[in-house]
Amino acid sequence: MAEERRGSWFGFGFCGFGQALGSGRGRQVHSPEPLQTPGEGEGADVCRVSASWSYTAFVTRGGRLELSGSAGCAAGGCRDAWASEALLVVLRAGPGRGSGTELQAWAPGSALSGEPLWAHTVGPEAEGEDAPGGEPQAGALPLLPGGRAYVSPRPPFYSPLAPELRARRLELGAEHALLLDEAGQVFSWGQGRHGQLGHGTLEAELEPRPLEALQGVPMAEVAAGGWHSVCVSETGDIYIWGWNESGQLALPSRSLAEVGNTAAGEGTGELYTWGWGKYGQLGHRDTSSLDRPRRVEYFVDKRLQVRAVSCGPWNTYVYAVEKAEG
């Protein structure tokens, strides 16, 4: 069996709140740089990354949570974390011996001291899933282990899903949600005023509704931007819909307004980015915005294969490993 190649995390884009992003020098990083996490030096031990606007949450293979930016703290016993400006949601060991796993929601500036805003014990069917130590990734939250419920930054915070959905991935945009079920079918709900739901109208949907346009095309991944949506089929085709004000749909845009960006990897381990680039979050050594995909040459030049990507509102985090010889 081939020896596992340990990789590293890289960051680029906005770091005006002191987020750990590459070197962290200045307010912007325009090209990928090795990540310097608050307590661990280079980010080789990080296995989960979740970026909000003003701070970023990192979870290490050993279960240590580190916050960097406008919020800062460190805590142990964590399996996953999901950052938003309203809430920091953490999946961690319960307060007592044998108490299982607990989902906790905290104010981002609380430093995880005192009591959480609310807590929910995760059912025994989810025990042992999604533990740190595997392949680094963005993390499973806001979908809870077991795929039976999800969390959001607005009330009711904890929302159960219909049992028949059997979710394997859930992503939240600014006003909408995307769900990928075990059969590869995509569902969306929430506000639709920018076409981000993909149902052919601008109407809102209160409950998860399957995307009829994608029926019969099994999907492997889904992602939600602020007001646009992305999914990747099992054969590697990318489908994008919603708002295109920054070119984030990879379609011509007249304005290239300050809205959002998109990043996608491919089977060869190369990274392509497009959309809004004012803070260098596209990784092309400049602050240009793009309405078509462009390869990030840094990883090609360094002979690195991209394995995971986590896009924040104004910055991007990438996990990459060295290419195998031959």
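Procedures and definitions
- Residues numbered from 1 in each chain as written.
- Predicted model: local features only at pLDDT ≥ 70, side-chain atom pairs only at ≥ 80, totals over all residues.
- Heavy atoms only, no water.
- pLDDT = per-residue confidence, 0-100.
- Helix = DSSP H or I, 4+ residues; strand = E, 2+ residues; numbered from the N terminus.
- Contact = heavy atoms within 4.5 Å.
- Phe/Tyr/Trp six-rings, centres within 6.5 Å; stacked < 30°, edge-to-face > 60°.
- Core = buried A, V, L, I, M, F, W, Y, C linked by side-chain atoms within 4.5 Å.
- Buried < 20%, exposed > 50% of the residue type's maximum accessible area, 1.4 Å probe, protein only.
- Pairing = 2+ DSSP bridges.
- Axes fitted to C-alpha atoms, helices over the stretch in contact; angles between N-to-C directions.

Asks: How do you make sense of the confidence of the model for the chain when you look at a structure like this?
Replies: The predicted coordinates of low-pLDDT regions are not to be read in fine detail. On average, residues of the chain score 86 in pLDDT, and 83% of them reach the 70 mark or higher. Model confidence for the chain, summarised as mean pLDDT per element, is weakest for strand β4 (residues 41-42) at 52 and strongest for strand β17 (residues 186-190) at 98. A low-confidence stretch, residues 125-133 stays under pLDDT 50, and its non-local contacts, those more than four residues away or across chains, total 27 contacts.

Asks: How do you make sense of the packing of aromatic side chains when you look at a structure like this?
Replies: By convention here, two paired aromatic rings are described through the distance between centres and the angle between planes. In the structure shown here, the tally under the stated rule is 16 aromatic pairs. Centroid distance F17 to W53: 4.9 Å. Interplanar angle 70°. Geometry classified as edge-to-face. A residue pair is termed long-range when its members are at least 10 positions apart, and F17 in the loop between β1 (8-14) and β2 (28-34) and W53 in the loop between β5 (46-51) and β6 (55-60) qualify at 36 residues. Grouping aromatic residues by their ring pairs yields a cluster made of F14, F17, W53, W276, Y279 and W314.

Asks: Would you explain the nonpolar core in this entry?
Replies: Nonpolar side chains tend to gather and get buried jointly when the protein is soluble and globular. Grouped together as the largest cluster of nonpolar side chains are 24 residues, with contacts concentrated most on W9, F58, L271, F299 and Y317. It is strand β26 (residues 315-322) that contributes the most residues to this core, 5 residues altogether. Membership of the second largest hydrophobic core comes to 15 residues, among which are A81, A83, L88 and L112.

Asks: It is not clear to me how the pairing of strand β16 (residues 176-181) should be interpreted in this structure. Could you clarify?
Replies: Along a regular strand, successive side chains alternate from one face of the sheet to the other. In terms of burial, β16 is a largely internal element, 6 of the 6 residues being buried. Burial of β16 is two-sided: the residues H176, L178 and L180 facing one way and the residues A177, L179 and D181 facing the other way are all buried. Where strand β15 (residues 167-172) lies against β16, 5 bridges are found, and the strand directions are antiparallel. Bridge pairing links L170 to L179 in β16. Sheet analysis places β16 next to β17, joined by 5 bridges and oriented antiparallel. Across the sheet, L179 pairs through a bridge with F187, a residue of β17.

Asks: What should I look at first to understand the side chain of S50 in this one?
Replies: Turning to its location among the elements, S50 is positioned in strand β5. If we skip the residues at most four places from it in the chain, S50 touches T56, A57, A81, W82, A83 and S310.

Asks: Just checking my understanding: could you explain the sheet that holds strand β12 (residues 118-121) for this structure?
Replies: Backbone hydrogen bonds are what pair the strands of a sheet, in a parallel or an antiparallel way. Taken together, 4 strands build an open sheet; the order of strands is β9-β10-β11-β12 and the sheet is antiparallel. The outermost strands of the open sheet, each flanked by one partner alone, are β9 (78-83) and β12. Within the sheet, the average angular offset between the axes of one strand and its neighbour, ignoring direction, is 15°. Of the pairings in the sheet, the one linking strand β10 (residues 88-93) to strand β11 (residues 101-106) comprises 6 bridges and is antiparallel in character.

Asks: Please clarify how the sheet that holds strand β19 (residues 219-224) should be interpreted in this entry.
Replies: Overall, antiparallel pairing links the 3 strands, which are arranged β19-β20-β21 in an open sheet. Taken across any chain shown, the strands that pair with only one partner, and hence form the sheet edges, are β19 and β21 (238-242). Geometrically, the sheet is characterised by an average inter-axis angle of 15° between neighbouring strands, direction not taken into account. Across 5 bridges, strand β20 (residues 228-233) lies against β21 in antiparallel orientation. Note that in β21 the partner of V232 across the bridge is I238.

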